[in-house]
Amino acid sequence: MKRILVILVTYKPEEEILKRNIEAFIDYVDKILIWENTPLEEARKYRYVEHSKIEYVGNGKNSGLSLPFNYALNYGLQNGYDFMMTMDQDSIWQNFEKFRDAVFLSSFVETSIFCPSQQLNKLGVNFEIIDKCINSGSFASLKLLYSIGGYANTFFLDAIDHELCARAMAFGTKIIKVNCASLQQQYGSNKQHVLLGIKYSTRDYSAKRLYGLVRNTKMVTTMYPNHKGVKRELRKLYLRKFIFNILFFENNKFGKIFSIIKGYIDGKVYGRKYKGLINGYVFRLNDKL
């Protein structure tokens, strides 16, 4: 059986959710690296799970996602692992064993990036070709990830998953959704509102976070202009839904709208800097904005 490495990134995780998260897949993988983005002086009190398969790692500060993912990629290649799965602290697998078995039995196991469905008990065709997937639950061959350049340190946090998928597709890699298992993903605490009898849910991100989300997503659409999925998300979620929610329900309206506009402009500028750098392994992963 192929050896599976998991990199799970945490930041002051909730004990119950983290335990459920790990319990859902630990029996079916070979090693779990828990990268602690929690500051070093606080990290130990969040080590809720001890197991022979688990190793706590980190550098004592919040390093986002791309650096931990690349750390795990290098660790896996150096220690004889075959596949890597990325996880965040707030996701819960349903039937991970079925997901693993379906992936390993497929004829394209070495040449695709796999992800679970996000809908419970979805039936029908087992595999679907899609154009983007989230970080949590993403599963791929270590050799494949290395061959396309790993994770873009430039992005730090937001849109790392979309950039990876877009770049993988540019290299001819397929993104495959596996419907025999699902993963419940929590996106923080949403706030509920009612306007003219209609219920709305908002995430109420800070202006700083909105800037990062929009900038990085616009970077991806600029770097990979043929990637329709990220364009749809940028247009429908960030430029329509988020602005609507800010105008009608959230505070700091000017600051947040300004951050979205600035993020869009900067994303276009920075995206042009990297556009066309994927012909072979030439993407400058360690460049900083």
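See above for the structure.
Presented here is an overview of the structure given in this document. (Residues numbered from 1 in each chain as written. Predicted model: local features only at pLDDT ≥ 70, side-chain atom pairs only at ≥ 80, totals over all residues. Heavy atoms only, no water.)

Quick word on the nonpolar core
The condition that has to hold: To qualify as a nonpolar core, a set must consist of buried Ala, Val, Leu, Ile, Met, Phe, Trp, Tyr and Cys residues joined through side-chain atoms within 4.5 Å. To sort residues, take the accessible area from a 1.4 Å probe on protein chains only and compare it with the maximum for the residue type: under 20% means buried, over 50% means exposed, and anything in between is partly exposed. By the criteria applied, helices consist of DSSP H or I runs no shorter than four residues and strands consist of E runs no shorter than two, each listed in order from the N terminus. In what follows, a contact means two residues having at least one pair of non-hydrogen atoms within 4.5 Å.
Counting 37 residues, the largest nonpolar core has Ile7, Met84, Ile113 and Phe155 as its most contacted members. If you tally residues by element for this core, the top one is helix α6 (residues 160–170), at five residues. Setting aside chain neighbours within four positions, we find Ile113 in contact with Cys133, Ser138, Phe139, Ala140, Leu144, Leu164, Ala168, Thr173, Lys174, Ile175 and Ile176. Counting 30 residues, the second-largest nonpolar core is a separate cluster that includes Ile34, Ala102, Val103 and Ala181.

Things to note about the packing of aromatic side chains
Where we set the bar: In this scheme Phe, Tyr and Trp rings, the latter by its six-membered ring, pair at centre separations within 6.5 Å, and the angle between planes marks the pair as stacked below 30 degrees, edge-to-face above 60, and tilted otherwise.
Under the definition given, this model contains 22 aromatic pairs. Between Trp93 and Phe96, the ring centres sit 4.9 Å apart and the planes meet at 75 degrees, which makes this aromatic pair edge-to-face. Relative accessible area serves as the criterion here: at 4%, Trp93 is assigned to the buried category. On the numbers, 5.8 Å between centres and 50 degrees between planes, the contact of Tyr205 with Phe242 is tilted.

A few points about the environment of Ile22
Relative to the helices and strands, Ile22 is located in helix α1 (residues 15–23). As a C-alpha pair, Ile22 and Leu8 span 14 residues in sequence and 9.0 Å in three-dimensional space. Ignoring anything within four residues of it in the chain, the contact list for Ile22 reads Leu8, Ile32, Ile34, Val49 and Ile54.

Considering the packing of helix α7 (residues 207–223) against helix α8 (residues 228–249)
For the record, the criterion: All axes are obtained by fitting lines to C-alpha atoms, using only the stretch in contact for helices, and the reported angles, taken between N-to-C directions, cover 0 to 180 degrees. Roughly parallel refers to an angle under 35 degrees, roughly antiparallel to one over 145, roughly perpendicular to one between 65 and 115, and oblique to any angle outside these ranges. A clockwise turn of the near helix away from the far one marks a right-handed crossing, whereas an anticlockwise turn of less than a right angle marks a left-handed crossing. For this scheme, ten residues count as nonpolar: Ala, Val, Leu, Ile, Met, Phe, Trp, Tyr, Cys and Pro. Four count as charged, namely Asp, Glu, Lys and Arg, and the remainder, Gly too, count as polar.
Taken N-terminus to C-terminus, the directions of α7 and α8 make an angle of 155 degrees; their axes are 9 Å apart at the nearest point. Comparing the axis directions of α7 and α8 gives the class roughly antiparallel. The two elements α7 and α8 cross, and the hand of that crossing is left-handed. Residue-level inspection shows Leu210, Leu213, Val214, Thr217, Lys218, Val220 and Thr221 of α7 in contact with α8, the latter providing Val230, Lys231, Leu234, Tyr238, Phe242 and Ile246. Tallied by class, the residues present in the contact of α7 with α8 amount to nine nonpolar, two polar and two charged.

Some thoughts on helix α3 (residues 66–78)
Keep this limit in mind: By this rule, a helix spans an expected 1.5 Å times one less than how many residues it contains.
The first and last C-alpha atoms of α3 sit 18 Å apart over 13 residues, in line with the 18 Å expected at 1.5 Å per residue. Ser66, Pro68, Phe69, Asn70, Ala72, Leu73, Tyr75 and Gly76 are the residues of α3 that are buried. On its buried face, α3 sits against β1 (4–10), β2 (31–36), β3 (54–57), β4 (83–88), α5 (142–147) and α6. Directly after α3, the chain includes Gly80, whose backbone phi takes a positive value near 80 degrees.

Digging into the pairing of strand β6 (residues 112–117)
Let me state the cut-off plainly: By definition, two strands form a pair when at least two bridges between them are found by DSSP.
Summarising burial for β6: six of the six residues are buried, a large majority. Note that β6 and strand β9 (residues 174–185) share six bridges and pair parallel. When the sheet's bridge partners are listed, Ile113 is paired in β9 with Ile175. Pairing of β6 with strand β8 (residues 138–141), which is carried by two bridges, proceeds in the antiparallel orientation. What sits directly across from Ile113, in β8, is Ala140.

So, the pairing of strand β10 (residues 191–195)
Sheet analysis places β10 next to strand β11 (residues 198–202), joined by five bridges and oriented antiparallel. Along β11, the bridge assignment pairs His193 with Tyr200. With antiparallel pairing between neighbouring strands as the criterion, β10 and β11 make up a hairpin whose turn holds two residues, including Leu196 at a positive phi of roughly 55 degrees.

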